[in-house]
Amino acid sequence: MLHLLKIDLKKMTSYRTFWVVCGLYFFTLGMTTASGMEFLKWLVRMGASFGTEINITRIPFYHFPDVWQNITYVSGFFKAILAFMVVISITNEFTYRTVRQNIIDGLSRKQFIISKVLTNILLSLMSMLMVFVIALVTGLVYSPTIVFTDLVMDLEFFGAYFLEVFAFLSFALLLGMVIQRSGLTIVILVLSQMIEAIIRANVDDYVPWLIPYFPMESISNLIPLPFPRYVFREIQDYVSITSVLVVAGWTFVFNYLAYLKLKKSDI
Amino acid sequence: MNPVLKIENLTKNFGRLCAVNNMNLQVGAGQVFGMLGPNGSGKTTTLGMLMNVVNPTSGSFKWFGEEATHHTRKKIGAVLEHPIFYPYLTGQKNLELTAMIKGANEAQIADVLRLVELSDRKDDKYRTYSLGMKQRLAIASALLNDPQVLILDEPTNGLDPMGIAEIRELIKKIASDGRTIILASHLLDEVQKVCTHFAVLKKGNMVYSGPVEDVSKGAETVEVKADVDLTDALSSFQGSSSVLRENGYFEVTLTDGVKSKDLNRFLFEKGIIASHLVTKKKSLEKQFLEILAESK
C-alpha cells in the first residue's frame, strides 16, 4: 500500500503545477479562514459609515466550540481547487499515456487506482490537519476563556470534513477517469453542483425523500451551515450519521466505478 | 521445454474491425522473434494484448507457461509504439519510477543509462530529449529488472541511419545475453539482420511464421557476366530452371541441389571465364512480398 502511495507521490513531487496548485490552495484556505475577524471588522467599519453599530465581540465566530463547525464549513468551499489537482493528475496519465506504460511495466489496474485513491486520502488528511491547526490557533487567540470541555466538543466535524473532501476528490477522480481530458473535466466538475441542483429542483415535488441521497447534496449536508445561529435561529450543530453513511456510500461508488472504467478499457 | 510465449486463438475486435484474428503463435526461449506486417496489420494490438493493456475479445496466451498477471509483466521489458514517459520528469526520475513499479534495484539505473549512452543527459527533463534519445531511454527502461523477455515495437522508428545502426547493435548485444526478444517492425532488412524467427501479419491474420534462415533456403539465384555472349552456353546448362537477362547480367535460377560453383565449373569447362559471378541470397523483403501476395 505504502509502496503504491510512494509511486504516485513520485509522479507529483517533481511536478511544478502540483506545488503551485497545492501552495495556492493551502495559502488561500489559510488566509481566508484565519482572517474572518478582519472581515467582521471591515463589516463594522462599513456599518459605522451607515450609522449602524455592530458589536463583533458579540459574535463568537472563533470561540470554542463554534470555531470547529464554522471553519470546517467555510473550508469546504476550497475543496474544488484540490479537486482540480486530482483532475490534472489523472488526466495527465491519459494525455501522456503513462497509465499504459505503468500497466505495461507491471502495475495492475487495481494498483493504479489504489495509488491515486491513496493520494486523495493523503491530500484530504493534510487539508483536515491544516484546517484543524487554523481553527485551533484562531480559537486560542479569539476565545475569551478557554474551557477544555468546549475545546474537545464537536471535534467530529473534522471527521465530516475529511469525508467531505475525500468524497469530492473521489468524484473528481472518477470524472477525470471517464472524460480523460483536463479542461472538459474541470468544467463538468464545476458545473456538477449546478447540474445536480437543477435535477433536484425538478424532482423534489415527486420524490422529496430522495433529495438527501443526491451525491453533491449529501456531501454539502455533512457540515450544515452554521451562521444562522448568530441571528438566533436553530441550526443543526452535529454531524448526522445518515449523511455520513450516504456520503461514504457515494465515495465507495465513485472509486469503484473509476476502477471498473479502467478495468474495462483498452488503454 | 515450455515456450516463453504461447498464444492460442487470440482475437481482438474493435467494433466491426477485426484487428487480430484467431492468432496462434509460439516463441521459444532465446529467439529473436520478428513480427512483420504493414502498418495496421495488428502488430501493436497483439503486443498490447500480451501486455494486458488491450483486453482480448477471445483467446488466451501464456507467458512462461502460466497465466499472465502483473507479476509476469515485471519480468518483461516492453516498449510499445513509441516511448512513453512523464515529460516533466528527468530521465533519471522516470527510470526511478519504472524501477519502483517493477520492483527493480535502483542501482541498475546507472548501468542501463550507460548501456544506452544517456548517462550525461540523465538529469535533463524528458521533454528536452531528441527522438533518438527518447527511444534509447525507452530501451533503458525496458532493460530494468533484468527482463527475460524484451518486446520492442518499431524501436528504430523515426531515427536517422546512425541511430538505427546503434539500436540494431544494442539489440544484438542484448540478444547475445540469451534473452528472448520480440521485435515488431515493418523494416524488413532490420528484421533480417537481427532476428532468428519471424511471423508475418496481414490485416490481423498471421500468414506466415518460421525461422529466418529458411528464407535463404531453396533455389539459389546466380548473377553472371562474361566478356562473351552467354546465351547459348547457359541454355545448355542442365541445372538451371530459368535464365533471365537483366541489366547486362544473366540471372540464373538454379534447380535444387545445384550450387553456384557447379555453374562456374560448367562455364570454365566450356572455355568461358566469368568476369562476374554472384550468389544471391533471397532477401526477406522478397519473401515478405511473396507471402503477402500469396495470401490475398
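Residues numbered from 1 in each chain as written. Chains lettered and ligands numbered in written order. Predicted model: local features only at pLDDT ≥ 70, side-chain atom pairs only at ≥ 80, totals over all residues. Heavy atoms only, no water.

### Focus on the overall build of chain A
Stage number 1. Helices and strands together make up the secondary structure of chain A, namely 12 helices and 0 strands.
Stage number 2. If you list the helices and strands of chain A from N to C, you get α-α-α-α-α-α-α-α-α-α-α-α.
Stage number 3. Taken against the 2.2 N^0.38 rule, which gives 18 Å for 267 residues, the C-alpha radius of gyration of chain A at 21 Å falls within 12% of a compact globule.
Stage number 4. Its C-alpha atoms put chain A at 65 × 50 × 40 Å along the principal axes.
Stage number 5. Residue burial in chain A is summarised as follows: out of 267 residues, 51% are buried.
Stage number 6. Summed over all atoms, the accessible surface of chain A reaches about 13,100 Å², with 71% contributed by carbon and sulfur.
Stage number 7. Here chain A carries 20 positive and 17 negative side-chain charges, and the mean point of each set is 15 Å from the other. (Helix = DSSP H or I, 4+ residues; strand = E, 2+ residues; numbered from the N terminus. Rg over C-alpha atoms; globule rule 2.2 N^0.38 Å. Buried < 20%, exposed > 50% of the residue type's maximum accessible area, 1.4 Å probe, protein only. Areas by Shrake-Rupley, 256 points an atom, 1.4 Å probe, with all protein chains shown as cover. Lys, Arg positive; Asp, Glu negative; His and termini not counted. Charge placed at Lys NZ, Arg CZ, Asp CG, Glu CD.)

### Focus: the side chain of K116 of chain A
Stage number 1. Tracing the sequence through the fold places K116 of chain A in helix α7 (residues 109-142).
Stage number 2. Filtering out sequence-adjacent residues up to four positions away, K116 of chain A remains in contact with D8, K11, S89, I90, E93 and L173 of chain A. (Contact = heavy atoms within 4.5 Å.)

### A closer look at the sheet that holds strand β13 (residues 249-254) of chain B
Residue and element names in this part refer to chain B.
Stage number 1. The sheet built from 4 strands is open, its strands ordered β12-β13-β11-β14 with antiparallel pairing. Only two strands of the sheet have a single neighbouring strand rather than two, namely β12 (240-246) and β14 (274-280). Put simply, the sheet's adjacent strands are angled 20° from each other on average, direction ignored.
Stage number 2. Relative to β13, β12 runs antiparallel, the two sharing 6 bridges. Looking at β13, one finds that L244 is bridged to E251.
Stage number 3. Sheet strands in contact with helix α9 (residues 260-269) are β11 (221-226), β13 and β14, and its direction is about 25° off that of β11. (Pairing = 2+ DSSP bridges. Axes fitted to C-alpha atoms, helices over the stretch in contact; angles between N-to-C directions.)

### Quick look at the pattern of salt bridges
Stage number 1. Summed over the entire model, instances satisfying the criterion amount to 23 salt bridges over all chains.
Stage number 2. Two residues, K11 of chain A and D8 of chain A, come together in a salt bridge whose shortest N-O distance is 4.0 Å. Of the two residues, K11 of chain A and D8 of chain A both sit in helix α1 (residues 2-13), 3 residues apart, roughly one turn of that helix. Assigned by exposure class, K11 of chain A and D8 of chain A land together as buried.
Stage number 3. The residue E81 of chain B makes a salt bridge to R100 of chain A at a minimum N-O spacing of 3.4 Å. Here E81 of chain B is found in the loop between β6 (76-79) and α3 (91-102), whereas its partner R100 of chain A is found in helix α6 (residues 98-105) on a different chain. (Salt bridge = Lys/Arg side-chain N within 4 Å of Asp/Glu carboxyl O.)

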